[in-house]
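Summary of structural features
Residue-level listing of the chains:
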Amino acid sequence: MTDRIYSKKMTEIMAQFIKHTAIHLPDDVMSKLGELYEAEDNPRALQIYDVMLENLRLAEEMERPICQDTGFMQFLIKCGSEFPLLGDLEEVLKEALAEATEETPLRLNVVETFSEENTGTNMGPGAPTVWWEIMPGRDNCEIYVYPAGGGSSMPGASAVLTPSQGYEGAEAFVLERVLEKGPNACPPLLVGVGLGNSSETAALNAKRALLMSVDSVNEDEGAALMEKRLEKALNESGIGPQGLGGKNTVYGVNVVDTARHPACMGVAVATGCWVHRRGHICFDRDLNWKSDTHKDFNY
Amino acid sequence: MTEIRDGRRIIKEPVTTEDIKDLKAGDVFYYSGEALTGRDAVHERVVVDGQDIPVDISDKILLHAGPIVKRVDDGWECFAMGPTTSMRMEDFEEEFIRKTGVKIIVGKGAMAEKTEKACREEGCICCVMPAGCAVVGAACTESVLEGYWTDLGMPEAAWHVRVKEIGPLIVTIDTSGRNFFKDRN
């Protein structure tokens, strides 16, 4: 294949994948939603879950976006340095987003800061967001697709704590934020917690945490315990689906951490709403692909 | 006008004080009739800029919603519509209620003291409908009558729609000002 045919093919696959993620929840989120529904005994919460499940059924049947807020598109790319389309990827993703915006259709959600003008294309300065990781010597490419909704982005926050505030302080920061802002962010939520050196490294870790499976468990024992404690505390809050009361409030809590300066601890929280539309697709150098989040995706 | 059918309470346009005065925080109903969408920018135009709301909504409902609409030959089609975070409108809602006379506001999540006060004094209720359920919302939307203030962009424009049995709408602030998010039991 020539480079041009290559990039055209990848653009088409990505456009269809973006569209697919607007219409179908990831497999792990679907099964977690089912678990929470089964466990619920509050009649009002059950009524809300019924509408959610009916909505998912209709979205699939009518091929329409699950939520009218189809998000501000964010991509995290893990790309091998030998992947043939490395240099074309941003262009490929923009083109794919343009196609998906037209075809799905996605709502036009990009507004220029200060001028307040809606660009009308779902693109603009810094939009879509693209985060890069280069994998030296590899020839494959993984792409995470995350349409960040307005409501679900609202609880996001980061801070830098002193070492004496420590892990307890970090947990308190996350809890306070989610208890205050979570009810309006369409629970049940996936809560991403980032720990790191500074406010922005912690914030990016929190976003990475949202890109992991709802059931993932941090390999570090201390981090895994933090996930469990936060999950328990948030579920015991009784916030429930849509903030109107219920047995469970979160799909789960994921912690992602990186090393830090001994004198400070960056902590951040990010949340995904019940319509947690994250997609993950992996390409080899010949553009054979598979998605572990959407096994039914076909192209 | 209120109708009870198969155990379902349905409020129909025109909405009257009689329809909403006995509803309590936590009660559930459905709505049929005309509605207008309005988010941050619509509230700002009415409250800050002093512009007249393009549709008289004193007997209809206000939806805190930014739908996905598609141009079709002779107008618009509602493709997806669900509520947005109501709290963003809290700073404007009291005056918005007083200016427009709207009696039912539908959105997502909690609102706060200023809205409670206006609900109590003006006879208005706030409700939530399950959010993230935009296809259910679109399926309840019979037609898009007109798009006003489309210069604000698709999510922020004021869409005049006709809906049929949209819901379930759960009352979160009633006409006594009681707020379900604060007093849930």
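**Some words on the overall build of chain A**
From N to C terminus, chain A includes 8 helices and 9 strands. For the C-alpha atoms alone, the extent of chain A along its principal axes is close to 55 × 50 × 40 Å. For chain A, the proportion of contacts with a sequence separation of at least 24, taken over those separated by at least 6, is 80%.

**What about the pairing of strand β3 (residues 141-148) of chain A?**
Residue and element names in this part refer to chain A. Counted residue by residue, β3 has 7 buried out of 8 residues, so it is predominantly covered. Looking at chain direction, strand β1 (residues 72-80) and β3 are connected through 8 bridges and run antiparallel. Paired with Lys78 across the strands is Glu142, a residue of β3. Across 5 bridges, β3 lies against strand β8 (residues 279-283) in antiparallel orientation. By the bridge assignment, Tyr144 is partnered in β8 with His280.

**Some points on the sheet that holds strand β7 (residues 265-272) of chain A**
Residues and elements named next belong to chain A. If you trace the 4 strands from one edge of the open sheet to the other, you get β4-β7-β5-β6, paired in mixed fashion. Only two strands of the sheet have a single partner each, and these edge strands are β4 (157-161) and β6 (250-257). Looking at each pair of strands side by side, their axes are set apart by 15° on average, direction ignored. Relative to β7, β4 runs antiparallel, the two sharing 5 bridges.

**Focus: the nonpolar core**
Within soluble globular proteins, side chains that are nonpolar generally end up buried alongside one another. If you look at the biggest cluster of nonpolar residues, it comprises 139 residues, and the most contacted ones within it are Val191(A), Val193(A), Ile104(B), Ile125(B) and Cys127(B). When residues are assigned to domains, this core turns out to be shared by domain 1 (3-24 + 66-149 + 278-291) and domain 2 (151-272) of chain A, each giving three or more. Each residue touching Val191(A), except ones within four places of it in the same chain, is listed here: Val178(A), Leu230(A), Leu234(A), Val250(A), Val253(A), Val269(A) and Thr271(A).

**Describing the interface of chain A and chain B**
In this assembly, 31 residues from chain A lie in contact with 31 residues from chain B. Take the side of chain A that touches chain B: its biggest share by element is 9 residues, from helix α3 (residues 43-62) of chain A. Its residues assigned to classes, the side of chain A that touches chain B shows 18 nonpolar, 10 polar and 3 charged.

**So, the pairing of strand β1 (residues 2-5) of chain B**
Moving residue by residue along a regular strand, the side chains alternate between the two faces of the sheet. Summarising the sheet, β1(B) and strand β2 (residues 8-12) of chain B pair through 4 bridges and their orientation is antiparallel. Residue Glu3(B) lies in a different strand from β2(B), and its bridge partner there is Ile10(B).

**With respect to the packing of helix α6 (residues 166-181) of chain A against helix α8 (residues 221-236) of chain A**
Helices that pack against each other are described as a pair by the angle of their axes relative to one another and the distance between those axes. Residue and element names in this part refer to chain A. Remark: α6 packs on α8, axes separated minimally by 11 Å, with the N-to-C direction vectors making an angle of 35°. When the axes of α6 and α8 are compared, the crossing they make is right-handed. In contact with Tyr167, Glu171, Val174, Leu175 and Val178 of α6, α8 contributes Met226, Arg229, Leu230, Ala233 and Leu234. Of the residues belonging to the contact of α6 with α8, the class tally is 8 nonpolar, no polar and 2 charged.

**Details of the domain arrangement of chain A**
Residues and elements named next belong to chain A. Each domain of chain A was delimited in the assignment, giving domain 1 (3-24 + 66-149 + 278-291) and domain 2 (151-272). Relative to domain 2, the C-alpha centre of domain 1 lies at a distance of 26 Å. Counting residues at the interface gives 7 residues for domain 1, matched by 5 residues for domain 2. Top contributing element to the side of domain 1 that touches domain 2 by residue count: β3, with 3 residues. Looking at the side of domain 1 that touches domain 2 residue by residue, the class counts come to 4 nonpolar, 1 polar and 2 charged.

Here is what the cut-offs are and how they apply
Residues numbered from 1 in each chain as written. Chains lettered and ligands numbered in written order. Predicted model: local features only at pLDDT ≥ 70, side-chain atom pairs only at ≥ 80, totals over all residues. Helix = DSSP H or I, 4+ residues; strand = E, 2+ residues; numbered from the N terminus. Contact = placed C-beta atoms within 7 Å. Buried ≥ 20, exposed ≤ 12 C-beta atoms within 10 Å, placed from the backbone. Pairing = 2+ DSSP bridges. Axes fitted to C-alpha atoms, helices over the stretch in contact; angles between N-to-C directions. Core = buried A, V, L, I, M, F, W, Y, C linked by C-beta atoms within 7 Å. Domains from an automatic or database assignment. Nonpolar A, V, L, I, M, F, W, Y, C, P; charged D, E, K, R; others polar. Left-handed = near helix turned anticlockwise from the far one by under 90°.

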